[in-house]
Amino acid sequence: MLEEWQTSWKNGDTGRKIYNILPSVILRPTNWIREDVIFFSQHGPFPAYLKRFHLSDSDFCSCGRIGTALHYATECIYTVSWHMRKPAPNFEQEWLKRVANNLVSRQKIRGIIKFNSENRDLFRLP
């Protein structure tokens, strides 16, 4: 059953952002909480995500840049208290893996997601 699950996970069409971080299925639960899942899946209160699913007319953050999870973690003026160094584009996947495996980095991610969720109007264009 585990082999079948792994094959399905490896060859699936959905969940690829999480697959790139957690490529192997395991029976023990991860220690991820809601905010971790939101950030790493990039399914959350991010303008780029909301526009992709036609829930918003714009994918821009109110700071003027495209509002992605990475934007909030590395460059948005509203989340500067939690910023981490922005990875080079060709190292983004490796950066996400390292952040996912680093508790201090994950605490920053959790702070960003909580702040973003509590202040949604601040991050959307008027």
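Before going into details, it helps to say that this report is about the structure given with it. (Residues numbered from 1 in each chain as written. Predicted model: local features only at pLDDT ≥ 70, side-chain atom pairs only at ≥ 80, totals over all residues. Heavy atoms only, no water.)

Observations regarding the pattern of salt bridges
Enumeration over the complete set of coordinates arrives at five salt bridges. With a shortest N-O distance of 3.4 Å, Asp36 and Arg106 are connected by a salt bridge. Here the residue Asp36 occupies a position in helix 3 (residues 34-41), and Arg106 occupies one in helix 7 (residues 103-118), the gap between them amounting to 70 residues. Note on accessibility: Asp36 and Arg106 belong to one class, buried. Arg98 is the salt-bridge partner of Glu94, the closest N and O atoms lying 3.4 Å from each other. Taken together, the residues Glu94 and Arg98, both in helix 6 (residues 92-100) and four residues apart, mark about one turn of the helix. For Arg98, a relative accessible area of 59% corresponds to the exposed category. Via salt bridges that share partners, Asp36, Arg106 and Arg110 belong to a single interconnected network. (Salt bridge = Lys/Arg side-chain N within 4 Å of Asp/Glu carboxyl O. Helix = DSSP H or I, 4+ residues; strand = E, 2+ residues; numbered from the N terminus. Buried < 20%, exposed > 50% of the residue type's maximum accessible area, 1.4 Å probe, protein only.)

Some points on unusual backbone geometry
At Gln42, a position not held by glycine, the phi torsion is positive, near 65°. Examined against the element boundaries, Gln42 turns out to sit in the loop between helix 3 and helix 4 (47-52). By relative accessible area, which is 21% here, Gln42 ends up partly exposed. Phi is positive for His54, close to 55°, though the residue is something other than glycine. With respect to the element layout, His54 can be found in the loop between helix 4 and helix 5 (69-74).

Focus on the environment of Ala88
Here Ala88 lies in the loop between helix 5 and helix 6. The class of Ala88 is partly exposed, set by a relative accessible area of 36%. Separated by 18 residues in the primary sequence, Ala88 and Leu70 have C-alpha atoms spaced 12 Å apart.

Thoughts on the packing of aromatic side chains
Enumeration according to the criterion identifies six aromatic pairs in this entry. Considering the side-chain rings of Trp82 and Phe115, the 5.3 Å spacing of their centres and the 45° angle between planes classify their relative orientation as tilted. One end of the pair, Trp82, is in the loop between helix 5 and helix 6; the other, Phe115, is in helix 7, and 33 residues separate them in sequence. Look at Phe115 and you get partly exposed, because its relative accessible area is 23%. (Phe/Tyr/Trp six-rings, centres within 6.5 Å; stacked < 30°, edge-to-face > 60°.)

Considerations on a nonpolar patch on the surface
Nonpolar side chains collect at one region of the surface, where Leu2, Trp5 and Leu27 lie side by side and expose about 340 Å² of accessible area between them. When you line up the elements, Leu2 lands in helix 1 (residues 2-11). Relative accessible area serves as the criterion here: at 40%, Leu2 is assigned to the partly exposed category. (Patch = residues over 30% accessible without salt bridge, like charges linked within 9 Å, V, L, I, M, F, W, Y side chains within 5 Å. Areas by Shrake-Rupley, 256 points an atom, 1.4 Å probe, with all protein chains shown as cover.)

Considerations on the side chain of Asp36
In this structure Asp36 comes out as buried when scored by relative accessible area, which is 0%. Residues within four places of Asp36 in sequence aside, it is in contact with Asn31, Arg106 and Arg110. (Contact = heavy atoms within 4.5 Å.)

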